[in-house]
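Reading the structure
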Amino acid sequence: MNKRKTNIWNNIDWITVLLYITLIIFGWLSIYSAVYNDGHQSIFDITQRYGKQLLWISASFILILIVFLIDVKFYSLFAYFIYIATILLLISVLFLGKEVHGARSWFEIGNFRVQPSEFAKVATSIVLAKYMSSYNQKFKKFKNLFTLAIIILTPVVLIFLQNDTGSALVYFAFILVLYREGLSINYIFIGILIAVLFIVSLLVDKLIILFSIEIIAIIIFAFRNKKIKNIIITLITISSATFVVWGINKIFSFNLSFYIVNLIGLTLSTIILSIFAYWNKMNYIFIILGILYSSILFTNSVGYFFNNILEPHQQTRINILLGIKKDPLGTGYNVNQSKIAIGSGGFSGKGFLQGTQTKFNFVPEQSTDFIFCTIGEESGFIGTSIVILLFVSLLMRIIYLAERQRSKFSRIYGYCVASIIFFHFVINIGMTIGITPVIGIPLPFFSYGGSSLWAFTILLFIFIRLDASRLDLFA
Amino acid sequence: MDIFKQRKYFIQIIIILISIIYIIRLFALQVVDTSYKISASNNVLRHITQYPARGLVYDRNEELLVYNQAAYDLMIVPRQLEAFDTTDFCNIINISKQQLIKEINKAKKYSYFKPSLFLKQMSSVTYAKLQEKLYKYKGFFVQTRTLRKYTQKIAAHALGYVGEVDEEITKKKPYYKLGDYMGISGIEKSYEKELRGKKGVQIYLVDVHNRIKGNYKKGKYDTNAVAGANITTTLDANLQEYGEKLMQNKKGSIVAIEPSTGEILTMVTSPSYNPALLVGRIRTKNYLNLLKDTLKPLFNRAVMAKYPPGSTFKIITALVGLQEKVLYKNTLYSCHGGYHYGRQIVGCHNHPSPLDLTHAIQYSCNAYFCNVYRSIIDNPEFTSADEGFKVWRDYVTSFGLGNKLGTDFANELSGNIPTTKYYDKYYGHGHWSSLTTLSLSIGQGELGITPLQLANMTSTVANRGFYYTPHLIKKISSKKNIDEKFLVQRYTKIDSSYFPIVIDGMEKVINGEAGSTARIAKIKDIIVCGKTGTAQNPHGDNHSIFIAFAPKDNPKIAIAVFIENGGYGARWAAPTASLMIEKYLKKNISRKWLENYILNCDLINEQTQDKHME
Ligand SMILES: [Zn+2]
């Protein structure tokens with residue numbers, strides 16, 4: 001017992017711990033500066049956010065100790081239990097939770113608020129590591145894939161219902177983990193195709209989508225077939241069939257829309273072409289046609305899903321996310337103000353506590369989602385690039401540690417940690433510099449907030465703990 | 001072993017690639033693009049909200065009713081404060097030194113960095129004096145706002161007022177920030193979205209001398225304010241003013257509607273108040289005073305007061321009887337001083353007997369309509385009084401009674417037409433009959449109808465069977481059309497062929513031989529159709545009611561007048577309605593004696609005098 005304990009302390013990866021502490025300190029200074037007011041001087045003043053954050057940080061160290069004291073086998077043994085308990089919490093917050101900024105994702109106990117969705121990331125990572133390390137036939141059986149989808153999408157749906165779109169999107173980071181563990185590139189392409197089709201069908205006229213899908217299908221066919229003659233035949237068949245349908249529609253005045261005319265034309269020509277393909281034993285054509293028609297079906301059902309199933313406030317959220325709707329003093333305004341603040345920092349910044357933009361009258365989330373502005377304004381380019389380098393170092397270190405694990409469970413969990421931090425890092429910083437859409441998720445270890453800080457601390461230190469025991473763990 | 005191990009490189013490449021993109025982007029933003037930087041280190045950016053001018057309000061003849069006047073708010077940013085001559089400063093803006101310290105502390109408590117309101121609505125004179133010396137007072141700046149101004153002292157209730165938003169609203173509707181204004185009642189509330197326009201933000205560079213040096217980045221990040229849309233109301237300012245004049249020293253309401261459109265020509269509530277009282281710094285004080293006033297000038301009687309309609313309701317009883325084929329034009333009923341049942345009697349006044357329908361309306365015979373009502377409810381086609389009552393109620397509500405009409409007036413009330421449930425609860429199921437509810441036939445009992453509803457009912461009769469939802473909006477400058485719902489003809493459940501019989505009776509009320517109930521309302525060369533009413537009032541004198549429309553063919557105006565404690569309908573309400581119609585159709589009044597009779601009538605002070613004498 002005694003021997004094992006010393007063993008752990010010796011094996012802790014202090015580089016990661018050091019990176020963590022550096023990020024936390026940098027983060028707290030930024031919060032202090034963001035809410036700094038001449039009237040309040042004590043850093044321990046817990047009526048101020050920096051005072052509270054200091055409290056959360058202290059509590060984090062206690063959490064770290066607890067994580068270190070728990071046996072490593074606990075996570076693997078109780079993975080499903082932890083996951084199910086978290087799901088139940090996510091369900092109950094829907095009914096018992098308190099609404100903050102339009103999202104019902106907080107439990108309130110006295111003066112204290114906890115956001116279970118932050119901790120759900122940890123639970124999902126543990127259960128993913130457990131499930132994916134426990135079978136051999138990875139990503140081949142439909143059943144396995146289906147189970148994985150359920151594990152990941154259950155919290156996504158629940159968090160989306162809480163109206164916390166940002167936190168729900170974080171779960172798509174797990175694609176990186178699945179990729180690392182051998183998920184076929186094809187699935188990732190299909191995933192990307194679905195995402196692109198979903199967004200495009202909300203943004204672009206469906207006639208243009210239909211044409212684009214047709215053209216892409218023909219291009220794929222051309223790459224596969226390589227015979228100019230066949231491609232010309234295809235083009236002629238499609239256009240003449242469409243023309244005939246268009247003519248009939250005109251003459252008999254059926255009043256069919258141009259979209260329907262094209263769709264009928266396409267269907268007629270595919271029937272002809274399929275017979276031709278069947279004779280020539282070109283079976284791959286049916287795969288292309290399968291993708292073509294499911295894409296058309298999908299783009300049409302997106303509209304229905306969006307207009308009839310989603311609630312109006314969910315529609316607005318997606319609309320703002322995609323930039324379809326703009327509120328003058330909403331997200332666009334925040335991004336502009338954020339760019340002004342960061343830009344005004346210049347190369348070396350205005351100096352600690354000297355920023356004016358971040359304390360001025362813009363974004364309400366200056367100590368939470370837009371904390372990066374304060375860094376940009378006061379520490380300048382030097383500060384921002386240091387923060388980015390710190391995150392890159394942390395991510396590289398985690399991947400390095402993950403790869404040296406002998407236990408599959410530990411490796412997969414490590415990749416989960418890296419993916420989640422990476423997603424938050426990309427989206428949060430990206431939105432403050434106007435690259436990614438404004439999705440309200442915190443910058444790990446920086447943003448103000450107990451739940452987020454604790455969740456990231458637990459997430460990271462479980463991995464450090466697993467790594468410290470890597471020599472005891474196999475499987 | 002682990003055949004996918006090389007995939008880690010791809011993941012690492014993605015991480016590094018994105019980080020490089022971000023660093024390049026930050027380099028461009030922070031180092032290359034110098035335009036974000038503010039030249040001198042002491043300069044600051046000031047975000048000034050551009051408040052759009054609120055839309056103007058016109059009457060139906062494009063006569064201006066409501067406009068704006070500039071007001072100046074003095075703002076403060078505590079962080080930028082520097083020592084200044086406080087005595088001089090206090091003198092200019094006319095506040096005490098204690099007040100100055102108090103306000104500065106209040107602002108500091110809110111935020112050192114964000115601007116807060118220091119002094120609300122300075123006069124333009126104060127502003128001019130302060131403007132010259134503002135460079136001495138670092139940390140202060142002036143924000144321009146607009147206040148409502150009224151061309152006349154009329155239509156306070158219909159126009160409504162504008163007030164500052166409270167914290168509750170800023171939470172629910174993030175467009176509004178503390179200190180913003182929004183419509184609280186009347187048109188200002190109903191058309192808030194159109195009238196308010198859209199706020200803008202301008203970012204200025206301010207130098208060390210507290211002077212604005214120009215727009216930041218040439219206005220790249222500014223958004224322009226969009227002025228509010230102008231609104232043309234359906235109100236006729238002249239008629240409204242005249243109505244308010246006639247109603248002086250009386251409690252009650254006048255509502256006039258143009259039947260062919262549903263446009264509200266006049267909406268008088270009396271006593272009223274001067275709309276200018278509820279503007280700006282004096283608003284809160286005046287509001288509290290008006291609230292305390294025992295005559296309740298803030299109570300919008302036109303849409304919120306419920307009265308029994310009295311005999312005006314006999315029109316409805318007649319129409320339902322005709323439609324149900326239990327009453328015909330020639331149906332005769334005799335009257336011996338009223339309607340007798342058991343030991344009870346619904347009394348009636350002296351008039352010829354027996355009467356047919358038109359004459360029963362002309363003389364307003366109570367017995368006649370008691371008979372009609374009973375034949376409706378107790379129609380042998382129905383199995384019970386319950387069923388008959390439901391049929392009767394269906395007809396009544398189809399006139400827009402007993403429910404909110406759905407006007408563009410936010411706080412209209414629904415009034416009350418009792419239901420079978422109500423009587424079941426009161427008397428027990430099966431224990432009430434047409435006799436129990438007999439007073440409904442002549443518009444008494446549990447009926448509660450607002451002046452707006454009664455005017456709309458009159459308009460429906462004028463249209464021979466349909467109405468347009470009454471509304472105050474005629475045109476919005478930013479939109480092509482007004483709300484569709486105001487353009488739909490809403491039919492009652494009474495066939496239009498039954499209306500002329502009743503209208504003939506209404507014509508006789510005013511133009512019939514001696515003994516007709518409202519000959520006082522007669523206007524030369526115009527056929528006015530009307531009906532008197534007297535609402536029983538358990539708390540004091542009965543209310544005087546009159547409904548009328550004119551001319552008989554192609555009616556231009558339908559009107560309902562309620563005068564509280566005015567006694568018989570013919571006494572005060574009928575002449576008031578008649579004068580209003582004459583004013584609207586002929587523009588000037590030929591019967592000065594009648595006008596003076598109404599103007600000199602004082603039912604408020606008279607009553608209080610009576611009370612003193614008791
Ligand atoms: Zn009689």
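Residues numbered from 1 in each chain as written. Chains lettered and ligands numbered in written order. Predicted model: local features only at pLDDT ≥ 70, side-chain atom pairs only at ≥ 80, totals over all residues. Heavy atoms only, no water.

Details of the coordination of the zinc ion
Residue and element names in this part refer to chain B. Short version of the rule: Each metal's donors comprise the N, O and S atoms found within 2.8 Å of it (within 3.2 Å for Na, K or Ca). Water is not part of the atom list, so some coordination spheres may appear incomplete. In short, tetrahedral needs four donors with all angles between 85 and 135 degrees, square planar needs four and octahedral six donors with opposite donors over 155 degrees apart and all other angles between 65 and 115, and whatever is left is irregular. Each residue is placed in one exposure class: buried if its accessible area under a 1.4 Å probe, protein chains only, is under 20% of its type's maximum, exposed if it is over 50%, and partly exposed if it falls in between.
Distances from the zinc ion to its protein donors, Cys-335 (SG), Cys-348 (SG), His-351 (NE2) and Cys-365 (SG), fall at 2.0 to 2.4 Å. Around the zinc ion sit four donor atoms; with metal-centred angles ranging over 103 to 120°, the donor geometry is tetrahedral. For Cys-365, a relative accessible area of 1% puts it in the buried group.

Let's talk about the packing of helix 6 (residues 116-133) of chain A against helix 19 (residues 450-468) of chain A
Residue and element names in this part refer to chain A. Worth spelling out the cut-off: Here, axes are lines fitted to C-alpha atoms. For helices the fit covers the stretch in contact, and angles between N-to-C directions go from 0 to 180 degrees. Starting at the N terminus, helices and strands are each numbered in turn, a helix being any DSSP run of H or I of at least four residues and a strand any DSSP run of E of at least two. An angle below 35 degrees is treated as roughly parallel, one above 145 as roughly antiparallel, one from 65 to 115 as roughly perpendicular, and anything else as oblique. We call a crossing left-handed when the near helix sits turned anticlockwise from the far one by less than a right angle, and right-handed when that turn is clockwise. In what follows, a contact means two residues having at least one pair of non-hydrogen atoms within 4.5 Å. Lys, Arg, Asp and Glu make up the charged group, whereas Ala, Val, Leu, Ile, Met, Phe, Trp, Tyr, Cys and Pro make up the nonpolar group; the residues left over, Gly among them, are polar.
Helix 19 packs onto helix 6 with a crossing angle of 20° between their chain directions and a minimal axis gap of 7 Å. Here helix 19 runs roughly parallel to helix 6, going by the angle between their axes. Both helix 6 and helix 19 take part in a crossing whose hand is right-handed. Touching Glu-118, Phe-119, Lys-121, Val-122, Ser-125 and Ile-126 of helix 6 are Ser-451, Ser-452, Trp-454, Ala-455, Phe-456, Ile-458, Leu-459 and Ile-462, all from helix 19. Class assignment for the residues of the contact of helix 6 with helix 19 results in nine nonpolar, three polar and two charged.

Here's the deal with the packing of aromatic side chains
Using the following cut-off: For Phe, Tyr and Trp, where Trp contributes only its six-membered ring, two rings pair if their centres lie within 6.5 Å, and the inter-plane angle classes them as stacked under 30 degrees, edge-to-face over 60, or tilted in between. The rule is short: NZ of Lys or CZ of Arg within 6 Å of the ring centre and within 35 degrees of the ring normal puts a charge over the ring.
In total, this model carries 47 aromatic pairs over all chains according to the counting rule given. An angle of 70° between the planes, with centres 5.1 Å apart, marks the rings of Phe-381 of chain A and Phe-27 of chain B as edge-to-face. Within this pair, whereas Phe-381 of chain A is found in helix 17 (residues 371-403), its partner Phe-27 of chain B is found in helix 1 (residues 7-32), the two belonging to separate chains. Taking the relative accessible area as the measure of exposure, Phe-381 of chain A reaches 11% and is therefore buried. Cluster of aromatic residues (ring-pair linked, three or more members): Phe-313, Tyr-373, Phe-389, Trp-392, Tyr-422, Tyr-423, Tyr-426, Tyr-427 and Trp-432 of chain B. Positioned above the aromatic ring of Tyr-175 of chain B is the side chain of Arg-196 of chain B, whose terminal nitrogen or guanidinium carbon lies 3.9 Å from the ring centre. Positioned above the aromatic ring of Phe-299 of chain B is the side chain of Lys-296 of chain B, whose terminal nitrogen or guanidinium carbon lies 5.7 Å from the ring centre.

Comments concerning the sheet that holds strand 18 (residues 529-535) of chain B
All names here are of chain B. Under the convention used in this document: Two strands qualify as a pair provided that DSSP identifies no fewer than 2 bridges between them.
Ordered in space as 12-11-20-19-18, the five strands form an open sheet in which the pairing is antiparallel. The open sheet is flanked by strand 12 (263-270) and strand 18, the only strands paired with a single partner. Pairwise comparison of adjacent strand axes, ignoring direction, gives a mean angle of 10° for this sheet. Of the pairings in the sheet, the one linking strand 19 (residues 543-550) to strand 20 (residues 557-563) comprises seven bridges and is antiparallel in character. For Ala-550, the partnering residue across the bridge sits in strand 20 and is Ile-557. Where helix 17 (residues 451-462) meets the sheet, it contacts strand 11 (252-258), strand 12, strand 19 and strand 20, and its direction lies at approximately 145° from that of strand 20. Packing of helix 19 (residues 573-586) onto the sheet brings it into contact with strand 11, strand 12, strand 19 and strand 20, and relative to strand 20 it is tilted by some 145°.

Re the pairing of strand 5 (residues 140-150) of chain B
All names here are of chain B. The buried count for strand 5 comes to eight of eleven residues, which makes it a mostly enclosed element. As paired elements, strand 3 (residues 64-76) and strand 5 share eleven bridges and run antiparallel to each other. What sits directly across from Ala-70, in strand 5, is Thr-146.

Here we look at the sheet that holds strand 3 (residues 112-114) of chain A
All names here are of chain A. With respect to topology, three strands assemble into an open sheet ordered 1-2-3, the strand pairing being antiparallel. Either end of the sheet is taken by a strand with one partner, and the two such strands are strand 1 (98-100) and strand 3. Looking at each pair of strands side by side, their axes are set apart by 50° on average, direction ignored. One ladder, built from three bridges, connects strand 2 (residues 103-109) with strand 3; its direction is antiparallel. Following the sheet pairing, Glu-108 is matched in strand 3 by Arg-113.

Details of the state of the cysteines
Residues and elements named next belong to chain B. Stated precisely, the cut-off is as follows: For the purposes of this analysis, a disulfide is any pair of cysteine sulfur atoms at a distance within 2.5 Å.
A full pass over the atoms with the stated rule returns zero disulfides over all chains. Note on Cys-370: no disulfide assigned, nearest cysteine sulfur contributed by Cys-365 at a separation of 8.3 Å. According to the relative accessible area criterion, Cys-370 is buried, its value standing at 1%.

Thoughts on the interface of chain B and chain A
Short version of the rule: The term buried area refers to how much accessible surface (probe radius 1.4 Å) is lost by two components on association, counted for both of them together. Think of a salt bridge as a Lys or Arg side-chain nitrogen and an Asp or Glu carboxyl oxygen that are within 4 Å of each other. Pairing of N or O atoms within 3.5 Å defines a polar contact, subject to two protein rules: one partner must be a possible hydrogen donor and the other a possible acceptor, and residues neighboring in sequence count only if both atoms are side-chain atoms.
Counting residues at the interface gives 39 residues for chain B, matched by 52 residues for chain A. When the two sides are added together, the surface that chain B and chain A hide from each other amounts to roughly 4500 Å², 69% of it contributed by carbon and sulfur. Three residues, Tyr-22, Gln-30 and Phe-113 of chain B, lead the burial of chain B against chain A; their summed loss comes to 17% of the area buried on that side. Seen at the junction of chain B and chain A, the total is one salt bridge. In this structure, Glu-403 of chain A and Lys-5 of chain B form a salt bridge, with 3.1 Å as the shortest nitrogen-oxygen distance. Scanning the region where chain B abuts chain A turns up ten residue pairs in polar contact (both at pLDDT 80 or more). At the level of secondary structure, the elements contributing two or more residues to the side of chain B that touches chain A comprise helix 1, strand 1 (44-50) and strand 8 (200-206) of chain B. Here the side of chain B that touches chain A takes 19 residues from helix 1 of chain B, the largest share from any one element. Looking at the side of chain B that touches chain A, its residues break down into 24 nonpolar, five polar and ten charged.

A closer look at the confidence of the model for chain A
As a note on interpretation, predicted positions should not be read in detail where pLDDT is low. Quick reminder of the rule: Confidence of the predictor in every single residue is expressed as pLDDT, which spans 0 to 100.
With 87% of its residues at a pLDDT of at least 70, chain A reaches an overall mean of 83. Mean pLDDT across the elements of chain A bottoms out in helix 1 (residues 2-11) of chain A (62) and peaks in helix 18 (residues 408-432) of chain A (94).

A look at a positive patch on the surface
Under the convention used in this document: In this analysis, a patch consists of residues with relative accessible area above 30% that form no salt bridge, clustered at 9 Å for like charges and at 5 Å for the nonpolar side chains Val, Leu, Ile, Met, Phe, Trp and Tyr. Surface exposure here means Shrake-Rupley accessible area, sampled with a 1.4 Å probe, where a residue is shielded only by the protein chains that are shown. Asp and Glu are treated as the negative residues and Lys and Arg as the positive ones, with His and the ends of the chain left uncounted. Note that the charge is assigned to NZ on lysines, CZ on arginines, CG on aspartates and CD on glutamates.
Side chains of Arg-49, Lys-52, Lys-98 and Arg-113 of chain A together with Lys-171 of chain B sit close together on the surface and give a patch of like positive charge. If you trace the backbone, Arg-113 of chain A turns up in strand 3.

A word on the pattern of salt bridges
Residues and elements named next belong to chain B. Within this structure, the stated rule accounts for 29 salt bridges over all chains. Residue Glu-263 pairs with Arg-60 through a salt bridge whose shortest N-O separation is 3.0 Å. Linking Glu-263 in strand 12 with Arg-60 in the loop between strand 2 (57-58) and strand 3, this pair joins segments that are 203 residues apart in sequence. Glu-263 gets classed as buried once you look at its relative accessible area, which sits at 8%. Residues Asp-553 and Arg-464 are paired through a salt bridge, measuring 3.9 Å at the closest nitrogen-oxygen approach. You can see Asp-553 sitting in the loop between strand 19 and strand 20 and its partner Arg-464 sitting in the loop between helix 17 and strand 15 (466-467), a full 89 residues away along the chain.

Observations regarding the packing of helix 11 (residues 206-225) of chain A against helix 14 (residues 284-309) of chain A
All names here are of chain A. Close contact between helix 11 and helix 14 brings their axes to 10 Å; oriented N to C, the two are set at 165°. Accordingly, the angle class assigned to the pair helix 11 and helix 14 is roughly antiparallel. Crossing hand, helix 11 versus helix 14: right-handed. When helix 11 is examined against helix 14, the residues Lys-206, Ile-209, Leu-210, Ile-213, Glu-214, Ala-217, Ile-220, Phe-221, Arg-224 and Asn-225 are found in contact with a partner set consisting of Tyr-284, Ile-285, Ile-288, Leu-292, Ser-295, Ile-296, Thr-299 and Asn-300. Classifying every residue of the contact of helix 11 with helix 14 gives eleven nonpolar, four polar and three charged.

What to know about the nonpolar core
Stated precisely, the cut-off is as follows: Among buried residues, the Ala, Val, Leu, Ile, Met, Phe, Trp, Tyr and Cys ones that are joined through side-chain atoms within 4.5 Å form a nonpolar core. In this entry, domain limits derive from an automatic or database-based domain assignment.
Met-267, Leu-357, Trp-392, Met-506, Phe-546 and Ile-559 of chain B are the most contacted members of the largest nonpolar core, which totals 136 residues. The element best represented in this core is helix 14 (residues 366-377) of chain B, accounting for eight residues. When we break this core down by domain, the ones giving at least three residues each are domain 1 (45-84 + 100-232) and domain 2 (237-272 + 298-613) of chain B. Contact partners of Phe-546 of chain B, with chain neighbours within four places excluded, come to Ile-510, Ala-518, Ala-521, Gly-530, Lys-531, Thr-532, Ile-559, Ala-560, Val-561, Ala-573, Ala-574 and Ala-577 of chain B. By size, the runner-up hydrophobic cluster in this structure holds 120 residues, among which are Phe-26, Tyr-75, Ile-82 and Ala-468 of chain A.

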